Amino acid sequence: MTAKQTFSHRLSIVRGVEIEPHLRHIAHLRITVFREWPYLYDGSEEYEAKYLRHYIATPESCVVLVHAQSQLVGASTALPLEAADTAFQKPFLDHGIDPKTVFYFGESVLLPEWRGRGIGRAFFEERLKVARNQGSKIAAFCAVDRPLNHPLRPADYRPLDPFWRSIDFQPIPKLKAKLSWRELPSGKETENTLSFWIRHL
């Protein structure tokens, strides 16, 4: 494990089986943050534990953790695309891109009071280091598509597109994934479309 001290929080990186002791806290954080727009995710700890097992079972995976004293306030995941869910591999396979060349950045979740401190940029920097060390050619992540007129869109919502472009990621319109999750406020399983952004390494 590597660690660094910045501001009043501590950033650390765990890999593969090192993730397991943090699993419950990561799951709780994901459920909490993804309830917000635009994901509106009505998650369960049981599903989260199953999902995060992909990372524990993959030695090349990583999770960047942010602790404030003893509390986990942020987490950001990544693993080789070939070890990710097939729903994320399919768009690349369909367009002739070998998943073995791609490092998939799963998600970044951070409690609201810790945003705006440069942690989001640090999440990407640390995962890019891991991707390069693994010899990957492409870093990729996806974000859910939501219409601008969605009734639950907050009036003060600021899309992250400008930030993603500032760190050299570009949207690839042809790369889209389909994924279902229980969605608020109905709690019903709903299929959503997610669009990929990539950066060549």
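The rules behind these values
Residues numbered from 1 in each chain as written. Predicted model: local features only at pLDDT ≥ 70, side-chain atom pairs only at ≥ 80, totals over all residues. Heavy atoms only, no water. Helix = DSSP H or I, 4+ residues; strand = E, 2+ residues; numbered from the N terminus. Rg over C-alpha atoms; globule rule 2.2 N^0.38 Å. Buried < 20%, exposed > 50% of the residue type's maximum accessible area, 1.4 Å probe, protein only. Phe/Tyr/Trp six-rings, centres within 6.5 Å; stacked < 30°, edge-to-face > 60°. Lys NZ or Arg CZ within 6 Å of the ring centre and 35° of its normal. Expected span 1.5 Å × (residues − 1). Pairing = 2+ DSSP bridges. Disulfide = S-S within 2.5 Å. Salt bridge = Lys/Arg side-chain N within 4 Å of Asp/Glu carboxyl O.

Engineer: So, the overall build of the protein chain: which residues are in play, and what are the values?
Structural biologist: Helices and strands together make up the secondary structure of the protein chain, namely five helices and eight strands. When the helices and strands of the protein chain are read in sequence order from the N terminus, they spell out β-β-α-α-β-β-α-β-α-β-α-β-β. Whereas a compact globule of 201 residues would reach a radius of gyration of roughly 17 Å, the protein chain reaches 16 Å, a difference of no more than 12%. Across its three principal axes, the protein chain shows a C-alpha extent of roughly 40 × 40 × 35 Å. Looking at the 201 residues of the protein chain, the share that counts as buried comes to 49%.

Engineer: Lay out the packing of aromatic side chains in plain terms, naming residues and giving numbers.
Structural biologist: Applying the stated criterion across every chain yields a total of 18 aromatic pairs. Here tyrosine 39 and tryptophan 181 contribute two aromatic rings whose centre-to-centre distance is 6.0 Å and whose plane-to-plane angle is 40 degrees, an arrangement assigned as tilted. With tyrosine 39 in the loop between helix 1 (23-34) and helix 2 (45-56) and tryptophan 181 in strand 7 (residues 170-183), the pair connects residues that are 142 residues apart, well separated along the chain. For the pair formed by tyrosine 39 and tryptophan 181, the shared burial category is buried. Of the aromatic side chains, those joined through ring pairs into one cluster are Phe105, Phe124, Phe141, Phe163, Trp164, Phe169 and Trp197. Positioned above the aromatic ring of tryptophan 114, the side-chain terminus of arginine 117 is 4.2 Å from the ring centre. Positioned over the ring face of tryptophan 37 is arginine 146, at 6.0 Å from the centre of the ring.

Engineer: Provide a residue-level description of helix 1, including the pertinent values.
Structural biologist: Its 12 residues place the ends of helix 1 16 Å apart at the C-alpha level, agreeing with the 16 Å of an ideal helix rising 1.5 Å per residue. Of the positions making up helix 1, those classed as buried are Leu23, Ile26, Ala27, Leu29, Arg30, Ile31, Val33 and Phe34.

Engineer: Can you lay out helix 4 (residues 119-133) for me, pointing to particular residues and giving the numbers?
Structural biologist: Helix length check: helix 4 (15 residues) gives 21 Å between terminal C-alpha atoms against 21 Å at 1.5 Å per residue, within 8%. Of all the positions in helix 4, only Ile119, Ala122, Phe123, Phe124, Glu126, Arg127, Leu128, Val130 and Ala131 are classed as buried.

Engineer: Could you give me a rundown of the pairing of strand 4 (residues 71-80), with the residues and numbers involved?
Structural biologist: Within strand 4, nine of the 10 residues are buried, which leaves it mostly tucked inside the rest of the structure. Bridging between strand 3 (residues 62-68) and strand 4 involves seven bridges; their strand directions are antiparallel. Among the inter-strand pairings, valine 63 is bridged to a residue of strand 4, identified as threonine 77. Counting the residues between successive antiparallel strands, the hairpin from strand 3 to strand 4 contains two residues, one of them, glutamine 69, with a positive phi of roughly 55 degrees. Pairing of strand 4 with strand 5 (residues 102-110) involves six bridges; the strand directions are antiparallel. Bridge assignment links leucine 79 to a residue of strand 5, and that residue is tyrosine 104.

Engineer: How would you sum up the state of the cysteines? Please name residues and give values.
Structural biologist: A covalent bond between the sulfur atoms of two cysteines is what we call a disulfide. What the rule picks out here adds up to zero disulfides. The thiol sulfur of cysteine 62 is not disulfide-bonded, and the nearest other cysteine sulfur, from cysteine 142, lies at 16 Å.

Engineer: Could you give an account of the pattern of salt bridges, naming the residues involved and the relevant values?
Structural biologist: Within this structure, the stated rule accounts for nine salt bridges. For glutamate 20, the salt bridge identified is with arginine 53, shortest N-O distance 2.9 Å. Here arginine 53 lies in helix 2 and glutamate 20 lies in the loop between strand 2 (9-15) and helix 1, a separation of 33 residues in the sequence. Overall, the relative accessible area of 38% leaves glutamate 20 in the partly exposed class. Sharing partners across several salt bridges, the network here consists of Arg30, Glu48 and Glu107.

So yeah, pure geometry; function would need other evidence.
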